[in-house]
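Summary of the model geometry
As a plain string of letters, each chain reads:
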Amino acid sequence: MDLSMKILVVDDFATMRRIVKNVLRQIGFTNIVEADDGSTALGVLKKDKIDLIISDWNMPKVNGLELLKAVRGDESTKNLPFIMVTAEAQKDSVVQAVQAGVSNYVVKPFTAEALKEKLEKVFSK
Amino acid sequence: MEGYLNTVKELLDKLALEVVMLEPDDVQGFGVVLNRLDEVIGVSTEAGEASFANLGRAIKSIAEKLVLGEVSAPEEGIKQIEKGVSLFQEVLRDAEDGKSASERIARFLVECGISDTDGSKSEAGGSKSEDAEKAGETMPDIDQDRELVESFIIEALEHLGNIEVNVLALEQDPENREVIDAIFRPFHTIKGVSGFLNLSDINRLAHEVETLLNGARNQKLTVDETLTDTVLDAVDLIKAMINHLKEELDTGVVQPADFGLEAFLDRLRRLQAREVEKVQTETAHVLAGDGADAGKILIEKGGVAEPDVAKTLEKQKELSGPGKKLGELRRALGVAEVGVEASRFVKVDTQKLDNMVDMVGELVITQAMLGQDISGLASQNKKLYTNLGQLRRITSEIQRISMSMRMIPIRQTFQKMIRLVRDLSRKSGKQVSLEMTGEETEIDRNMVDEIYDPLVHMVRNSVDHGIEKPNVRKAKGKPEVGTLKLKAYHKGGNIVIEISDDGGGLDRDKIIEKAIERNVIRSGENMTDQEVYSLILQPGFSTADVVTDVSGRGVGMDVVKRALDKMRGSLDIHSVKDQGTTILMKLPLTLAIIDGVMVRAGDRNYIIPTVSVVESLRPDRADCTTVVDKGEMVKIRENLYPLIRLHELFDFEPAYYNPWEAIVVVVESDGRRKCILVDELVGKQEIVIKSLGEQLKRVQGMAGGAILADGRVGLILDVPGLFTLSEGETKVN
């Protein structure tokens, strides 16, 4: 896993973004950008070369699932690793995300180890 | 049939290949498999092949469980999927031969234990809490991540404010899913983040509320007053918890506090249990289409007890009842948009912003100084002159922008009044509709907190003492529902906030009576209405007949007045008996900059805030008199005003001792006027206020300091303080 990869963290709650960033830094990532909503994230994706998206499900305007679908629907990003953050293992949302092509998902609250494990699974393929 | 079989066979061939490649951790692979299964289920359902569709669903549910991590041995699970897929292929071949396969499918279903959905749920629950526990061990505690908790506090309170507004919108429009979503989402977020921060009480509460709202979202639960009340109470409770947390952070002392959380959680769960009731009502609707009749049917069938039906019906009525009252309120607000809109802002510490505004103030002054210093050179050098002009324009633009950065719409403050009015009117048994205009009017961030208390006070007064009870209003020929209007707008460099009600108005006679009783005045003769009304701004003045739970208690408008003085604002009261009262709060645009009149006295520069200045003049010798017991007075247009000698108060040598040689500036505070003796008026200037620092904070008569255009320091006079000082005749060194 390349620790210098550029990660986009998407969440409308600033505190949550900071938490996710802290967790990512704990793992050893340094190159992290943020977006406060799915639509902002899409803007970032157009401009920057992103290597991984970690997005919350629950957002106003464009939510995590819609963002995922938009990412998968675009030729340039369709293979981009995408981790969905959900509040709990809600069956419906997880299955929806999986069917929409999510690379993996994590359940809040999660630890650095838990996220690292998921990321390793995604990038080992 | 044949077409269907071919299609499904093709799909299954692909599926079989995808399943062979599947590994337990391959979430994306599972996604592909699940989608393929959906295709299979889809075409089977379409072709009317229910048993095939069921087999597809069975396989899908195994895959779902694997994705959700609910299977302890994932390898086994994948094998089961493989088995299911090959079974599917087999039964398809059988079907081609005309043999029925339903028995084998049924056996497979039983084997997988798929129909047992309850079992899988409880299993999931178990693993979840285990996860949380595991996470909890390594979670940062408060001390370690103070900054995160602080930002959570700010953000969560903001969200709770939005929730409140949306709940009130929901009361109005109980079926609006978008509004329910807008309430659900922030609770969900608060739950998630509090989980991370180990704030388990907040986490639990947010979770229960979320579950409750989810019921409403899925229409399992009726949105009624009980539900919205409960959600509002939950908001209050979380706020209390967050404020407690904030206190703990500030003081560094962890104090356990009892919020009655367990009891409240019970209440939430009881409310969730009402789901059952809702289902009954729904059945009733299906049966007869009409609430009342359906009730009868249910009772006849022995399904429901009569009181239950009556209760449900009542609830249905309630639903359509109180909603109307808040109707205008919601429209006035455009509430739905508010909650759903996402804001796109960078959050900056206000301290940083204040510092920047301060520095920009310095920049403006330095620029002015520079202009003065080289004005001689600039008149000879055209290029220098142009560049200097450019610098001035840019600086003033920077100043404007930096000031505007601290401006925020008054909307949030106004919105807090919705809840207040709702609660107050319920408590007092009055009907009040709240109308708001100008919520987009911007106000200095530093003033938001300052105006909140006065505003609450005045709104309380209006609802509590102003607007009459419905029966009284009816008797007066007024509509039973009272109207309270909140207005904000800019006028002449000021912000005006207007609070008006169509209530009983102020009672002139009663105020005079009370004022005499309290020795504030001797008689009310010759007093204008305006003067009488301003009496209520005197400390301890309250005209309410009954001290109510909500307002009264002897704390009156003087609090409002004091808060406004602090902000250098003013207050106007207009009232007509039985038609209502309007109170105008006039506030400066910002607290950081004032418009000042610069005066010179001796070798000192003073600044008098322009708001307090009435006029300035050089009096005639004949108009300067000394009145026994009252000291020196200046007569201006038949009125005598006391003279304040700055040089006596602050101990310096003035250029002129005689008012008829110098200038007097007439200033006003609290409706009283006095004259300040100065040597010279220097000019008007916008001034960036600087605090005098800790040591000089208690010097009376001074509001702060400022750097003047010529680089010298000027002191800003505090007019009310100066009045007190001159009356006490104490000297300050």
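Model, not experiment: these values are computed from the prediction.

Parameters at a glance
Numbers given to residues run from 1 along each chain, matching the order in which its sequence is written. Chain labels run from A onward and ligand labels from 1 onward, assigned in the order the entries are written. A pLDDT threshold of at least 70 governs which residues receive local features in this predicted model, and a stricter bar of 80 or more applies before side-chain atom pairs are shown or counted, although totals over entire chains, interfaces and linings include all residues. Hydrogen atoms and water are omitted, and side-chain values are computed over all heavy atoms in the structure. Counting from the N terminus, the helices are DSSP H or I runs at least four residues long and the strands are E runs at least two residues long. For each residue, the accessible area found with a 1.4 Å probe, counting protein chains only, is set against the maximum for its type, and the residue is called buried under 20%, exposed over 50%, and partly exposed in between. The contact criterion used throughout is that any non-hydrogen atoms of two residues lie within 4.5 Å. For the accessible areas, the method is Shrake-Rupley and the probe is 1.4 Å, while residue cover comes only from the protein chains on display. One confidence number per residue, pLDDT, is output by the predictor and ranges from 0 to 100. To estimate the expected span of a helix, count its residues, drop one, and scale the result by 1.5 Å. Two parts placed together each lose some accessible area under a 1.4 Å probe, and adding up what both lose gives the buried area. For this analysis, a salt bridge means a side-chain nitrogen from Lys or Arg found within 4 Å of a carboxyl oxygen belonging to Asp or Glu. What counts as a ring pair is set by centres within 6.5 Å for rings of Phe, Tyr and Trp (its six-membered ring), and what kind of pair is set by the plane angle: stacked under 30 degrees, edge-to-face over 60, tilted for all other angles. Both a distance and an angle decide whether a charge sits over a ring: NZ of Lys or CZ of Arg must be within 6 Å of the ring centre and within 35 degrees of the ring normal. By disulfide we mean two sulfur atoms from cysteines, separated by a distance within 2.5 Å. A pair of strands is considered paired only if DSSP assigns at least 2 bridges between the two. Every angle, taken between N-to-C directions, lies between 0 and 180 degrees, and every axis is a line fitted to C-alpha atoms, over only the stretch in contact when it is a helix. Patch membership requires over 30% relative accessible area and the absence of a salt bridge. Like charges are linked within 9 Å, and nonpolar side chains (Val, Leu, Ile, Met, Phe, Trp, Tyr) within 5 Å.

A look at the overall build of chain B
For chain B, the count of helices and strands is 27 helices and 18 strands. Counting only residues that meet the buried cut, chain B has 45% of its 733 residues in that class. Excluding contacts between residues fewer than 6 apart, the proportion of contacts in chain B whose partners are at least 24 apart in sequence is 69%. In the structure as shown, chain B presents an accessible area of about 37800 Å², 50% of it carried by carbon and sulfur atoms.

So, the overall build of chain A
Helix and strand content of chain A: five helices and five strands. Along chain A, helices (α) and strands (β) appear in the sequence β-α-β-α-β-α-β-α-β-α when read from the amino end. Sorting the 125 residues of chain A into buried and exposed places 59% on the buried side. Taking the contacts inside chain A whose residues are at least 6 apart along the sequence as the reference set, 62% of them involve residues at least 24 apart.

What to know about unusual backbone geometry
All names here are of chain A. A cis geometry characterises the amide bond from Lys108 onward to Pro109, with omega recorded as -10 degrees. Assignment of secondary structure puts Pro109 in the loop between β5 (104-107) and α5 (112-124). In this structure, Lys61 takes a positive phi of about 55 degrees despite not being glycine. Structurally, the position occupied by Lys61 is in the loop between β3 (52-56) and α3 (64-73).

Brief notes about the confidence of the model for chain B
Residue and element names in this part refer to chain B. In this model, chain B carries an average pLDDT of 78, and 81% of its residues clear a pLDDT of 70 or more. Low pLDDT, under 50, characterises residues 116-144; the stretch is placed with 25 contacts to residues that sit more than four places away or in other chains. Across the whole predicted complex the pTM is 0.53, and at the interface the ipTM reaches 0.85.

Here we look at helix α3 (residues 50-67) of chain B
Counted at 1.5 Å a residue, the expected span for α3(B) with its 18 residues is 26 Å, and the 25 Å between its end C-alpha atoms agrees. In the segment just after α3(B), Gly69(B) is the residue with positive phi, at about 70 degrees.

Digging into the environment of Asp565(B)
As for its position among the elements, Asp565(B) is in helix α25 (residues 557-566). In this structure, the C-alpha to C-alpha distance between Asp565(B) and Ser669(B), residues 104 residues apart in sequence, is 8.8 Å.

Looking at the interface of chain A and chain B
In this assembly, 36 residues from chain A lie in contact with 41 residues from chain B. For the pair chain A and chain B, the summed buried surface comes to about 3600 Å²; carbon and sulfur atoms form 60% of the total. Looking at the side of chain A facing chain B, the largest losses of area belong to Phe13(A), Gln99(A) and Pro109(A), adding up to 19% of the total buried there. At the junction of chain A with chain B, the criterion picks out one salt bridge.

Overview of the packing of aromatic side chains
Inspection of the entire model under this criterion finds six aromatic pairs over all chains. Note on Phe110(A) and Phe196(B): the rings are 5.0 Å apart at their centroids and 90 degrees apart in plane angle, and the pair reads as edge-to-face. With Phe110(A) in the loop between β5 and α5 and Phe196(B) in helix α8 (residues 177-196), this residue pair bridges two chains. Owing to a relative accessible area of 2%, Phe196(B) belongs among the buried residues under this scheme. Taken together, a centroid distance of 6.3 Å and an interplanar angle of 20 degrees make the contact between Tyr4(B) and Phe52(B) stacked. Pair noted here: Tyr4(B) is in helix α1 (residues 2-20) and Phe52(B) is in helix α3, with a separation of 48 residues, a long-range link. When sorted by exposure, Tyr4(B) lands in the same class as Phe52(B), which is buried. Aromatic ring contacts, followed pair by pair, group Tyr4(B), Phe52(B) and Phe88(B) into a single cluster. In this structure, Lys118(A) is placed above the aromatic ring of Tyr105(A), and the distance from its NZ or CZ to the ring centre is 4.7 Å. Residue placement shows Lys674(B) over the ring face of Phe723(B); its charged tip is 5.0 Å from the ring centre.

Regarding the pattern of salt bridges
Residues and elements named next belong to chain B. Counted under the stated rule, the structure contains 46 salt bridges over all chains. Its salt-bridge partner being Arg673, residue Glu668 comes within 3.2 Å of it at the nearest N-O pair. Exposure remark for Glu668: the relative accessible area of 34% places this residue in the partly exposed category. On the basis of relative accessibility, which here comes to 31%, the residue Arg673 falls in the partly exposed class. Across the pair Glu727 and Arg672 runs a salt bridge whose closest N-O atoms are separated by 3.0 Å. Note that Glu727 is positioned in helix α27 (residues 719-728) and Arg672 in strand β15 (residues 672-678), a separation of 55 residues in sequence. Residue Glu727 is classed as partly exposed on the basis of its relative accessible area, which comes to 45%. One network of salt bridges, in which partners are shared, links Glu164, Glu171, Glu225, Asp229, Asp236, Lys239, Arg419, Arg422, Asp423 and Arg426.

Re the state of the cysteines
Residues and elements named next belong to chain B. Using the criterion set out here, one finds zero disulfides over all chains in the structure. Cys624 takes part in no disulfide bond, and the closest cysteine sulfur, belonging to Cys675, lies 8.8 Å away. Take Cys624: its relative accessible area is 19%, and that puts it in the buried class. Overall, Cys675 belongs to the buried group, its relative accessible area being 0%.

Some points on the sheet that holds strand β13 (residues 639-645) of chain B
Residues and elements named next belong to chain B. If you walk across this open sheet you meet the six strands as β10-β14-β15-β13-β12-β11, and the pairing is mixed. Edge positions in the open sheet fall to β10 (613-617) and β11 (624-627), since each of these has one partner strand only. Mean inter-strand twist for the sheet, computed between neighbouring axes without regard to direction, equals 35 degrees. Relative to strand β14 (residues 663-669), β10 runs antiparallel, the two sharing four bridges. Directly across from Val613, in β14, lies its bridge partner Val667. Each of β13, β14 and β15 is contacted by α27, which is oriented at about 85 degrees to β15, the strand it contacts most.

Some thoughts on the pairing of strand β4 (residues 482-491) of chain B
Residue and element names in this part refer to chain B. Note that strand β2 (residues 432-437) and β4 share six bridges and pair parallel. The residue of β4 that forms the bridge with Val432 is Gly482. Where β4 and strand β5 (residues 494-501) come together, eight bridges link them in antiparallel fashion. Note that in β5 the partner of Lys485 across the bridge is Ser500.

Some thoughts on the side chain of Lys60(B)
Within the fold, Lys60(B) resides in helix α3. Look past the residues within four positions of Lys60(B) in its chain and what remains in contact with it is Gln99(A), Leu34(B), Leu37(B), Asp38(B) and Ile41(B).

Things to note about a nonpolar patch on the surface
A cluster of nonpolar side chains, namely Met356(B), Ile401(B) and Met405(B), defines an oily patch on the protein surface of about 250 Å² accessible area. Positionally, Met405(B) belongs in helix α19 (residues 382-405).

Side note on the sheet that holds strand β6 (residues 570-576) of chain B
All names here are of chain B. Read from one edge to the other, the open sheet built from five strands follows the order β2-β4-β5-β7-β6, with strand pairing classed as mixed. Looking at strand neighbours, the two that pair on one side only are β2 and β6, the edges of this open sheet. For this sheet the average axis-to-axis angle between neighbouring strands, irrespective of direction, equals 15 degrees.

Let's talk about the pairing of strand β4 (residues 82-86) of chain A
Residue and element names in this part refer to chain A. Buried residues dominate β4, accounting for five of its five residues. Covered by surrounding structure in β4 are Phe82, Met84 and Thr86 together with Ile83 and Val85, the residues of both alternating faces. As paired strands, β3 and β4 are joined by four bridges and run parallel to one another. When the sheet's bridge partners are listed, Ile53 is paired in β4 with Phe82. Pairing analysis gives four bridges linking β4 to β5, with the strands arranged parallel. Considered in β5, the bridge of Ile83 is made with Asn104.

Quick word on the environment of Glu46(B)
Residues and elements named next belong to chain B. With respect to the secondary-structure elements, Glu46 resides in helix α2 (residues 27-46). Under the relative-accessibility criterion, Glu46 is labelled exposed at 73%. In sequence terms Glu46 and Tyr4 are 42 residues apart; their C-alpha atoms lie 9.3 Å from each other.

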